[in-house]
Number of protein chains: 2
Amino acid sequence: MEVALAKRAARLSAPAHPDTGDAISFDSGFAFPGIFPDLTEAARRALNEYRSEALQYGPPFGLPEMREWISAYMRNEGADVASEDVLVVNGAKNGLELICRLLAEEGDTVVVTAPMYFTAIPILRSFGLSFLEVRQDDEGLDVDELLEKLEVRRLHGQKVPKFIYDVPDFHNPSGITMSRRRRERLLALAAAFEIPVVEDSPYRVLRFEGLTEPSLKSLDREGIVLALGTFSKLMAPGLRVGWIAGERPLLARMARLKSDGGTCPLTQRIILEFVKDGGLERHLQGARRAYAMHRDHMVAALRRELPDVAFRVPHGGYYLWLEFPEGTDSARVAERAHHIGASVIAGDAFFAGEGADSAKGRGVAKRYIRMAYSHATPEEIDEGVRILAAAYGAAKVAR
Amino acid sequence: MEVALAKRAARLSAPAHPDTGDAISFDSGFAFPGIFPDLTEAARRALNEYRSEALQYGPPFGLPEMREWISAYMRNEGADVASEDVLVVNGAKNGLELICRLLAEEGDTVVVTAPMYFTAIPILRSFGLSFLEVRQDDEGLDVDELLEKLEVRRLHGQKVPKFIYDVPDFHNPSGITMSRRRRERLLALAAAFEIPVVEDSPYRVLRFEGLTEPSLKSLDREGIVLALGTFSKLMAPGLRVGWIAGERPLLARMARLKSDGGTCPLTQRIILEFVKDGGLERHLQGARRAYAMHRDHMVAALRRELPDVAFRVPHGGYYLWLEFPEGTDSARVAERAHHIGASVIAGDAFFAGEGADSAKGRGVAKRYIRMAYSHATPEEIDEGVRILAAAYGAAKVAR
């Protein structure tokens with residue numbers, strides 16, 4: 001039988017997850033398996049001392065102790081967040097989905113960076129949203145450009161965008177961390193136009209050096225920021241536990257939209273039993289050390305093997321954002337690299353806009369490749385970067 | 001700042017979960033804590049022998065071994081389901097949500113029973129769906145009534161409903177199991193009108209006596225059934241792992257809509273390590289024994305304390321559906337009962353339709369109360385039923 005699909009579902013067509021086979025993987029935001037914490041004791045306690053809680057339906061907003069822990073964690077970062085301001089969700093992506101369902105209707109527009117977190121693109125698109133792209137510079141999202149674009153929209157009588165989505169710390173893919181001044185200007189602009197800001201900041205805890213900028217939520221005086229958090233980078237992605245912090249009436253509505261019977265109380269309790277023992281700080285120290293070492297290794301390999309390529313050295317996170325010389329077709333480089341054993345993602349995937357004046361439309365996106373240094377070992381990084389250099393060399397010759 | 005909400009989100013208003021405080025709880029579909037399985041060893045193995053799998057992002061369709069297990073489980077029930085026909089989701093409610101996103105648009109209609117699984121009502125409503133209600137008799141959903149209603153819609157040029165939603169085994173709340181003949185007629189009708197059928201059958205495994213009817217999926221020759229499954233009743237609700245079995249192109253689209261980074265691989269692996277050891281059959285034997293005993297206890301208590309009340313004795317599942325004498329206002333009885341220490345849910349909550357000719361509109365729904373015998377102990381069942389009888393007596397006097 002031919003089943004009639006909803007319009008949005010019928011629009012989805014691109015494959016969700018590239019199949020990287022046995023290639024060295026620089027393409028995913030996977031964690032380095034070498035740093036996964038030992039949760040055996042935490043699980044033992046969760047499944048015995050807390051059995052009735054862990055195996056029963058959980059409360060829709062999350063375990064009270066988990067909401068407490070998250071609010072303490074955010075208050076520690078200067079954000080004025082009580083446990084009642086926290087909704088526990090199935091990872092930050094589930095949080096973004098709930099925000100879309102809460103705030104946006106088919107045909108609405110959202111503000112995003114160019115480039116942007118590429119997994120968010122199909123999520124936003126599946127809600128029928130259009131994109132208002134804004135460039136970044138070294139200080140993060142270009143607020144002047146955003147202001148100009150919002151004013152043009154106003155002049156043309158176009159609707160105000162439904163929210164601004166950004167990754168202000170160790171941006172994925174660009175690695176840029178937004179300066180404090182820029183954060184304050186973004187929030188002032190958002191308040192003036194009454195546009196909520198979605199702060200998605202999974203890599204914030206993975207700073208290798210330098211000073212932390214205040215989170216957008218900690219600078220939020222108007223209740224304008226919905227902050228997404230996750231244990232994926234704090235502990236391990238397999239846990240699928242994250243949170244949204246924001247205004248209570250909004251959280252209450254999102255809890256109603258969250259029809260999954262409450263986020264898994266078992267994994268919540270395992271996390272709590274782990275963090276209670278001080279396991280988290282020890283784990284994060286190890287994670288920062290490992291990822292800093294991976295980054296340094298990849299930076300050195302790139303400088304050695306691909307001197308043509310420009311990139312910023314981020315102070316944390318998972319990614320390097322490579323800019324190849326003009327005329328490079330990164331899709332071709334990526335395809336060739338995959339063929340000879342290393343998987344990377346070509347720039348086009350990170351740009352949501354498709355119009356003639358977008359980075360993708362103008363072909364500018366073709367100069368970029370995102371490299372995750374998180375998952376591969378240092379040896380794989382050396383080998384994979386050599387493979388990428390060979391692929392680039394071959395693509396240059398073919399041109 | 002006042003945030004503009006999407007139309008659908010702005011419509012949500014009723015509280016999601018009643019607060020039952022310390023009252024004896026007959027109102028929830030909570031499991032009996034006394035039967036929760038010991039998953040310590042399964043978790044130990046998951047977190048050690050399978051650490052990289054359990055703590056990394058999981059595959060979007062679910063762990064391959066989990067999809068294998070589910071397909072074997074369904075094939076064992078006579079359904080022709082390969083592992084590729086299975087999408088692992090965050091519980092059956094998450095599955096229903098994905099089906100809504102896949103198949104339905106704002107303003108569409110879905111076929112439901114009257115009464116129906118009440119948690120599904122806000123989910124369906126949050127997608128802007130309307131309800132075509134169909135009665136049940138002892139054999140389940142009344143297919144003649146459905147045919148008549150579909151023909152009337154066709155005569156009036158109204159759109160065909162987007163899917164039929166039903167709980168064919170130990171229906172929640174009515175306890176009715178659909179006969180084989182009725183299942184076949186429902187599928188034939190659904191095929192003739194090209195309406196997909198969503199089979200939500202969490203209680204199927206909890207049969208205390210009598211013979212199992214074939215699942216709708218096992219009778220499905222047209223690929224018309226989307227079967228929802230869950231480990232909530234197979235093992236424990238806190239696991240938040242369920243599945244959808246259906247046609248592959250539909251699953252592929254739902255996997256794309258499932259923007260949660262894959263269902264938690266840790267809980268999937270814990271489940272697998274438990275079922276591998278034969279833990280599941282032992283657990284289910286204990287669960288069936290406990291729930292049969294709870295049911296018998298509640299049936300006896302009701303016959304003793306509330307002889308005015310009529311109900312079917314279900315052969316499995318969690319619920320009794322009480323029909324009070326004409327003129328009863330069950331909301332009043334429920335309120336009074338809650339006040340003096342026992343929580344039940346009054347009939348109105350289980351009817352989606354609100355028109356003048358609906359069970360709710362005509363006031364018929366007011367005669368019903370749903371009683372879950374799953375969660376309370378036998379002693380609590382005795383005491384709680386006495387409380388309910390007292391509340392009914394008081395409401396009768398007040399009338």
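Values in this document were obtained by computation on a predicted structure and should not be read as measured data.

Let us look at the overall build of chain A. If you tally the helices and strands in chain A, you get 14 helices and 14 strands. Compactness check: chain A gives a C-alpha radius of gyration of 21 Å against a globular reference of 21 Å for 399 residues, within 12% of the reference. Based on the C-alpha atoms only, the size of chain A along its principal axes is roughly 65 × 60 × 55 Å. Within chain A, the proportion of its 399 residues that are buried is 63%.

Contact with chain B, which involves 76 residues of that partner, is made by 76 residues of chain A. Across the interface of chain B and chain A, roughly 6,500 Å² is buried in total on both sides, 60% from carbon and sulfur atoms. At the boundary of chain B and chain A, one finds four salt bridges. Across the pair Asp 38 of chain A and Arg 51 of chain B runs a salt bridge whose closest N-O atoms are separated by 3.3 Å. Counting across the interface, chain B meets chain A through 16 residue pairs in polar contact (both at pLDDT 80 or more). In terms of residue count, the dominant contributor to the side of chain B that touches chain A is helix H5 (residues 92-103) of chain B (six residues). Each residue belonging to the side of chain B that touches chain A can be placed in one class, and the counts come to 41 nonpolar, 18 polar and 17 charged.

Residues and elements named next belong to chain A. Summed over the entire model, instances satisfying the criterion amount to 30 aromatic pairs over all chains. Between Tyr 73 and Trp 243, the aromatic rings sit 5.9 Å apart at their centres with planes inclined by 80 degrees, giving edge-to-face as the arrangement. Placement of Tyr 73 in helix H4 (residues 64-76) and of Trp 243 in strand E10 (residues 242-245) is noted, with a sequence separation of 170 residues between them. Accessibility expressed as a relative area gives 4% for Trp 243, which makes it buried. Look at Tyr 291 and Tyr 318: their rings are 5.0 Å apart centre to centre, the planes differ by 50 degrees, and that puts the pair in the tilted class. Residue Tyr 291 is found in helix H12 (residues 279-305), and its partner Tyr 318 is found in the loop between H12 and strand E11 (319-323); the two are separated by 27 residues along the sequence. Note on Tyr 291: relative accessible area 1%, which makes it buried.

Turning chain B through 180 degrees and shifting it by 0.0 Å along the axis lays it on chain A, with an RMSD of 0.0 Å. The transformation relating the two chain copies, once decomposed into turn and shift, fits a two-fold axis. The rotation axis passes nearest to the C-alpha of Ala 43 of chain B in chain B, at a distance of 3.3 Å. A shared interface surface links the copies, since 100% of the contact residues of chain B are contact residues in chain A too.

Turning our attention to the sheet that holds strand E3 (residues 109-113) of chain B. Residues and elements named next belong to chain B. Strand order across the open sheet formed by seven strands is E2-E10-E9-E8-E7-E3-E4, with mixed pairing between neighbours. Every interior strand has two partners, whereas the edge strands, strand E2 (86-89) and strand E4 (130-134), have only one. Ignoring which end each strand starts from, the neighbouring axes of this sheet average 25 degrees apart. With respect to the sheet, helix H8 (residues 180-193) is in contact with strand E7 (163-166), strand E8 (197-200) and strand E9 (225-230), its orientation differing from that of E8 by roughly 150 degrees. Against the sheet, helix H11 (residues 248-257) touches E2, E9 and strand E10 (242-245), its axis set at about 25 degrees to E2.

Residue and element names in this part refer to chain A. Burial along E10 is two-sided: Gly 242 and Ile 244 facing one way and Trp 243 and Ala 245 facing the other are all buried. Where strand E2 (residues 86-89) and E10 come together, four bridges link them in antiparallel fashion. By the bridge assignment, Val 88 is partnered in E10 with Trp 243. As paired strands, strand E9 (residues 225-230) and E10 are joined by four bridges and run antiparallel to one another. Each bridged residue has a counterpart across the sheet, and for Thr 230 the counterpart in E10 is Gly 242.

For the rest of this paragraph, the subject is the confidence of the model for chain A. Parts of the prediction with low pLDDT should not have their coordinates interpreted in detail. Residue and element names in this part refer to chain A. Summing up the model confidence of chain A, the mean pLDDT is 94 and the portion of residues at 70 or higher is 97%. Per-residue pLDDT stays below 50 along residues 14-18; that stretch engages in five contacts with residues further than four places along the chain or on separate chains. Interface confidence for the predicted complex, given as ipTM, is 0.94, next to a pTM of 0.95.

Residues spaced three or four apart along an α-helix face the same direction, because each turn holds 3.6 residues. Of all the positions in helix H2 (residues 40-48) of chain B, only Thr 40, Ala 42, Ala 43, Arg 45, Ala 46 and Leu 47 of chain B are classed as buried. On its buried side, H2 of chain B packs onto helix H2 (40-48) of chain A together with helix H3 (51-55) and helix H12 (265-276) of chain B.

What follows is about unusual backbone geometry. The omega torsion of the bond from Ala 114 of chain A to Pro 115 of chain A falls at 5 degrees, within 30 degrees of zero and hence cis. Among the structural elements, Pro 115 of chain A can be located in the loop between strand E3 (109-113) and helix H6 (120-126). That bond from Asn 172 of chain A to Pro 173 of chain A is cis: its omega, 15 degrees, falls within 30 degrees of zero. You can see Pro 173 of chain A is positioned in the loop between strand E7 (164-166) and helix H8 (180-193). Located in the positive-phi region is Phe 170 of chain B, a residue other than glycine, with phi close to 50 degrees. As for its placement among the helices and strands, Phe 170 of chain B is situated in the loop between E7 and H8. Even without a glycine there, the phi angle at Arg 240 of chain B is positive, about 55 degrees. You can see Arg 240 of chain B is positioned in the loop between helix H10 (231-234) and E10.

A few words now on the sheet that holds strand E14 (residues 368-372) of chain A. Residue and element names in this part refer to chain A. The strand order E11-E14-E13 describes an open sheet built from three strands, whose pairing is antiparallel. Unpaired on one side and paired on the other, E11 and strand E13 (345-346) mark the two borders of the sheet. Across two bridges, the pairing between E13 and E14 is antiparallel. For Ala 346, the partnering residue across the bridge sits in E14 and is Ile 369. Against the sheet, H12 touches E11 and E14, its axis set at about 15 degrees to E11.

On to the packing of helix H4 (residues 64-76) of chain B against H12 of chain B. Residue and element names in this part refer to chain B. One can describe the packing of H4 onto H12 by two numbers: an axis separation of 10 Å at closest approach and a directional angle of 50 degrees. Taken together, the axis directions place H4 and H12 in an arrangement best described as oblique. When you trace H4 past H12, the crossing you get is left-handed. Contacts between H4 and H12 involve Glu 65, Met 66 and Trp 69 from the first element and Gln 268, Arg 269, Ile 271, Leu 272, Val 275 and Lys 276 from the second. When its residues are assigned to classes, the contact of H4 with H12 shows five nonpolar, one polar and three charged.

Cut-offs applied
Residues numbered from 1 in each chain as written. Chains lettered and ligands numbered in written order. Predicted model: local features only at pLDDT ≥ 70, side-chain atom pairs only at ≥ 80, totals over all residues. Heavy atoms only, no water. Helix = DSSP H or I, 4+ residues; strand = E, 2+ residues; numbered from the N terminus. Rg over C-alpha atoms; globule rule 2.2 N^0.38 Å. Buried < 20%, exposed > 50% of the residue type's maximum accessible area, 1.4 Å probe, protein only. Contact = heavy atoms within 4.5 Å. Buried area = accessible area lost by both parts, 1.4 Å probe. Salt bridge = Lys/Arg side-chain N within 4 Å of Asp/Glu carboxyl O. Polar contact = N/O pair within 3.5 Å; in protein donor to acceptor, adjacent residues only side chain to side chain. Nonpolar A, V, L, I, M, F, W, Y, C, P; charged D, E, K, R; others polar. Phe/Tyr/Trp six-rings, centres within 6.5 Å; stacked < 30°, edge-to-face > 60°. Least-squares fit on C-alpha atoms with pLDDT ≥ 70 in both. Pairing = 2+ DSSP bridges. Axes fitted to C-alpha atoms, helices over the stretch in contact; angles between N-to-C directions. pLDDT = per-residue confidence, 0-100. Parallel < 35°, antiparallel > 145°, perpendicular 65-115°, else oblique. Left-handed = near helix turned anticlockwise from the far one by under 90°.

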